[in-house]
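Read off the chains here:
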Amino acid sequence: MMPVWGSLLIFVLCPILGGLPLISWITRALARKRLSELGTGNLSVSAAFYHGGKIVGILAVLSEAFKGIAAVLLARSFFPDRPEWEVISLIALVYGRYFIGKGAGTTNVVWGYAVHDPITSFLVFLIGGIGFTILRERRSGKFGVLILFPLITALRHPSETPLIGSAISLAAFLWWIYNQIPDDLNLKPDQAQRGSQAMFQFLREDRSLLTLDQILKAEKVGQKAATLSELKRSGYPVPDACILLPGDDPKPLIQALQPSRENPLIVRSSAIGEDSESASAAGQYESIANITHRDLLLPAILRCLESYEQESAVKYRRDREISDASMVVLVQQQVRGVFSGVAFSRDPITRQGDSVLIEALPGTADRVVSGQETPESYQVNVREVGADWRLPEDATLEIEGKGTVPGRLIQQVAYLARHLEEHFHGVPQDIEWSFDGETLWVLQSRSITTLAPIWTRKIAAEVIPGAIRPLTWSINRPLTCGVWGKIFTIVLGDRASGLDFTETATLHYSHAYFNATLLGQIFRRMGLPAESLEFLTRGAKFSKPPTRSTIANLPGLLRLLQREMRLEQDFARDEQLYFRPMLLKLRNFSFSAETFAIGTQEFRSGTQEFRSGTQEFRSGTQEFRSGTQGFPSGTQGFPSGTQGFPSGTQNVELDTQEIQQITQEIQQILELLERATYYSILAPLSAALRKAVFRVRDEDLDNRDTPEVAALRSLSDLAASARSVLENSESQEDLFVQLAQTDQGQAILRQFDQLLDQYGYLSEVGTDIAVPTWREQPQPVRELFQQFCLSPAPAPATPQIKNKGVQRRIALKGKVTEIYSRLLAELRWRFVAIEQLWLKSGILSESGDIFFLTYAEIQQSTGSNPDFQAQFSQLIEQRRSQFEHDRQLSPIPQLVYGDDPPAPQLPTWQASDQLQGIGASAGQVEGTIRVLRSLNGSINVDRETILVVPYTDSGWMPVLARVGGLIAEVGGRLSHGAIVAREYRIPAVMDVPNATEILQDGQRVRINGQQGTIEIL
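Residues numbered from 1 in each chain as written. Predicted model: local features only at pLDDT ≥ 70, side-chain atom pairs only at ≥ 80, totals over all residues. Heavy atoms only, no water.

Draft legend 1. Quick peek at the sheet that holds strand E13 (residues 505-508). One open sheet holds the 4 strands; their spatial order is E13-E14-E12-E19, and the pairing between them is antiparallel. Taken across any chain shown, the strands that pair with only one partner, and hence form the sheet edges, are E13 and strand E19 (895-897). Ignoring which end each strand starts from, the neighbouring axes of this sheet average 40° apart. (Pairing = 2+ DSSP bridges. Helix = DSSP H or I, 4+ residues; strand = E, 2+ residues; numbered from the N terminus. Axes fitted to C-alpha atoms, helices over the stretch in contact; angles between N-to-C directions.)

So, in structure tokens, the structure goes:
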């Protein structure tokens, strides 16, 4: 019974002992202070030292040491031959210490383990103490000890598995606690009780004499010093400097420096909050230059510190809601500049283009930044930079502006500025520089705050390409932003607080842009590189995420991984329960007692009646119940034609009840689209991630489940059957007329209509409900069918499936695309139906007007406020005018800086006969350029054509299958165009910025779809 009673006492008494607030009682009795209401609120030994002084701290140590020793002796008395129980007692003690006593339990474990295993404790103390004294990095030392004591325990007792396991468990528990609880040693040491300040300064994570050669954190040393440290360690030319932390004694630093006339120093500010992404604080704090004697250092340091409290600086912080922090002083080697100045990696006035703006003068940098002299101004066009920040000797950059500064130096400054922008993940930089006759030095680099946020067309141009009408955007934006927000929150949890996911996307020039600044913040919080999204979707370069950040985000990443692992089964469930039943219900949509003539086909709805009363879609409980009514076979929804839904001779009147039924269905579709959007985002990301992890080649994947590929194959097979009929025909008439003259041909035409009905939900832009579907405008499909009949398509590639897991994700991506596209098509057809009523009633004046309204406006006009319709005419006219203006803009900027970008300018390019993009479909081909910005009208292309397009959505498939090569301004290896190109072995190069402007109709080019190069011949 002794072991039973022993274990019971350990698991009951030790947590209670750990939870006893002895430190709180001691501090309250001797210092008259409540630790729970001060500082971090911890009831810890360090808090006792900080708020209560040395005596209170020593008594706190003794009280916690007593707890640790008592717990170990209790376990030893019951389990003298089971040392693992002594460690288990410490785990129980720490449990109570954290969950009841609001402390980490470090002191308990240190003294308890010393009694448990003195030799191991001595070795850990010796190794850890030496490491901390040398490195003086508190966090690394603390976590290092947690690795050391289980490791040394395992080395000393290799055969005692229970003991090793309990030691590892104790270390893991402490590791978790350290990541949950704030550290009192982060409090300012100069505000600690006298007698404790020396201890706090010694235990600070920072070394006694910090330099830019060390890893520095912005929250400790300010953004300026942290940035210069990062740049210096990354190989950029940054002058040496030492850092003085708040509260530190400046005497050791002053004694270590020897300024002179030949080697002067400059004292600079590096305030916490200065040079941030939202506030630069430029010119708010003082810098004292030309310090040539050691006696001048202390007054200069004090003057710099005092500038933090000057009236203008305090007002600046209050105006920008920056909380008061502290001033860090940077004592730096002063550069004796021959030429100096500032450079903006992007022009902050025009806010577009590839120009670097430089202001410079002979002499030191303060002549320019002081604003007392008019500097020389230069603009340099820098399109691309290499791995090295130094301008290649054979490279020449175009300069606008003249002055006394050598042109080669101006080119090098511009190249350096753009290189720094690339280093900081594309965030435009404001740099201060100086040239001493031999070396170009970086004195400062900070974000250009006026250019935030940064909006990018990359990714967005492929997700929702082209100019976008208000109705489409009012539906797509909340769906996209909302689902992305939910995905990010899965990983971030509480750390998603403060992020406004509604700002994930916006419209500029009627085109979609993603918020690169916000995405960068999200990815950094997730422990991922800022370029993660482009890596997953477009194959961009991917840098390794920081290990510490990844570990911190591991629980959230595991939650997301669990979602990814069950993505296939979740979609199969939702497809069966929600998607397929709803699509079947939606397919029966019709207008009662009305006949619509569309092209040469009639759609009679008199015998079909839409009933919604017995069918429910309940999104709250995620339940879909279908009624008992049947759906007649043979209906084709909206049959194919060439005119869409024209107004004119038909007399269509829909009563209010029927409109309500339509709007109810629209709402049901939108509710289901939110679920489908989740899969439409995760499925492609999952496929891309698995493809990258397992290094699967594009050629080893089968895209037969992708709707456009499936449609292509079906059309090609049908054309093969048609050729046998046409070979026996001597008629010179139109191919469709020839087929209609025989029974076999009529059967083929019926199959063509069925195929068109099956894939009629596809359109030129699958995510834009304002664009007519194939079912409404089938001409491109008819032309492709004719070409396949006259000239057989090349045999589809037959990939060798080497990774079934990745292939299943590619198949899932295709199925999701089909569901998502079908739902959007059904949504479009219902808005078109409402438009027809309003056209007949005179509310709208022409076809397409409804897409210049937002969904909220349509709801308002069909609901409680029908008078709102009176405003439609002026509203639509204004929006249509803006849309037509924006649609004519070319090219649309890939990047937009700020929320109110100016009108786009024509780009400037360096003369070059070669362009570089992403190789998306292997092979080489020469051909003639045909630039095609939209699918309007008949398109004459053949195998000699190299098609150049702004984007490639599923609707482009009929054209892509007929050309010899493809060049697209946006997209990656998993984009629609790339998939179709690989299916028919057409070389393709994606992501070639401004390709539709650079390349001209009739040019001869050679493209390499493997290397992603385009050579102008």
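Draft legend 2. Main features of unusual backbone geometry. A cis amide bond links Ala 452 to the next residue, Pro 453, at an omega of -5°. Residue position: Pro 453 is located in the loop between strand E11 (440-447) and strand E12 (454-456). With a phi angle near 55°, Arg 695 is a residue other than glycine that sits in the positive phi range. With respect to the secondary-structure elements, Arg 695 resides in the loop between helix H25 (656-693) and helix H26 (707-727). In the Ramachandran plot, Asn 994 falls in the positive-phi region, its phi being about 60° despite a non-glycine side chain. Within the element layout of this structure, Asn 994 appears in the loop between strand E25 (988-990) and helix H35 (995-998).

Draft legend 3. Structural context of the pattern of salt bridges. Going through the model one piece at a time under the given rule, you end up with 41 salt bridges. Measuring nitrogen to oxygen at the nearest pair gives 3.0 Å for the salt bridge that ties Arg 346 to Glu 421. Here Arg 346, found in the loop between strand E6 (339-344) and strand E7 (355-362), pairs with Glu 421, found in helix H17 (residues 407-423); they are 75 residues apart in sequence, far enough to count as distant. Exposure remark for Glu 421: the relative accessible area of 1% places this residue in the buried category. Ionic pairing is found between Arg 775 and Asp 757, a salt bridge with its closest N-O pair at 3.0 Å. Of this pair, Arg 775 sits in the loop between helix H28 (743-758) and helix H29 (779-790) while Asp 757 sits in helix H28, and the two are 18 residues apart along the sequence. (Salt bridge = Lys/Arg side-chain N within 4 Å of Asp/Glu carboxyl O. Buried < 20%, exposed > 50% of the residue type's maximum accessible area, 1.4 Å probe, protein only.)

Draft legend 4. Molecular detail of the packing of aromatic side chains. Across all of its chains, the model carries 21 aromatic pairs by this definition. For the ring pair Tyr 285 and Tyr 308, a centre distance of 5.6 Å and an interplane angle of 20° mean the geometry is stacked. In this pair, Tyr 285 is assigned in the loop between strand E3 (265-269) and strand E4 (288-291) and Tyr 308 in the loop between helix H14 (297-306) and helix H15 (311-319), connecting sequence segments 23 residues apart. For the residue pair Tyr 285 and Tyr 308, the accessibility class agrees, reading buried in each case. Members of the aromatic cluster, each reached through a chain of ring pairs, are Tyr 95, Tyr 98, Phe 99, Phe 173 and Trp 176. Stacked on the ring of Phe 736, the Lys or Arg Arg 782 has its end atom at 4.1 Å from the ring centre. (Phe/Tyr/Trp six-rings, centres within 6.5 Å; stacked < 30°, edge-to-face > 60°. Lys NZ or Arg CZ within 6 Å of the ring centre and 35° of its normal.)

Draft legend 5. Representation of the environment of Ala 365 in the model. Locating Ala 365 in the fold gives a position in the loop between E7 and helix H16 (366-369). The residues touching Ala 365, leaving out its near neighbours within four places in the chain, are Ser 340, Glu 432, Trp 433 and Leu 443. (Contact = heavy atoms within 4.5 Å.)

Draft legend 6. Expanded view of the packing of helix H6 (residues 106-116) against helix H9 (residues 161-180). Running from N to C, H6 and H9 cross one another at 165°; their axes reach a closest spacing of 12 Å. Classified by the interaxial angle, the pair formed by H6 and H9 is roughly antiparallel. Crossing handedness for the pair H6 and H9: left-handed. Of the residues in H9, those touching H6 at Thr 106, Val 109, Tyr 113 and His 116 are Leu 163, Ala 167, Leu 170, Leu 174 and Tyr 178. (Parallel < 35°, antiparallel > 145°, perpendicular 65-115°, else oblique. Left-handed = near helix turned anticlockwise from the far one by under 90°.)

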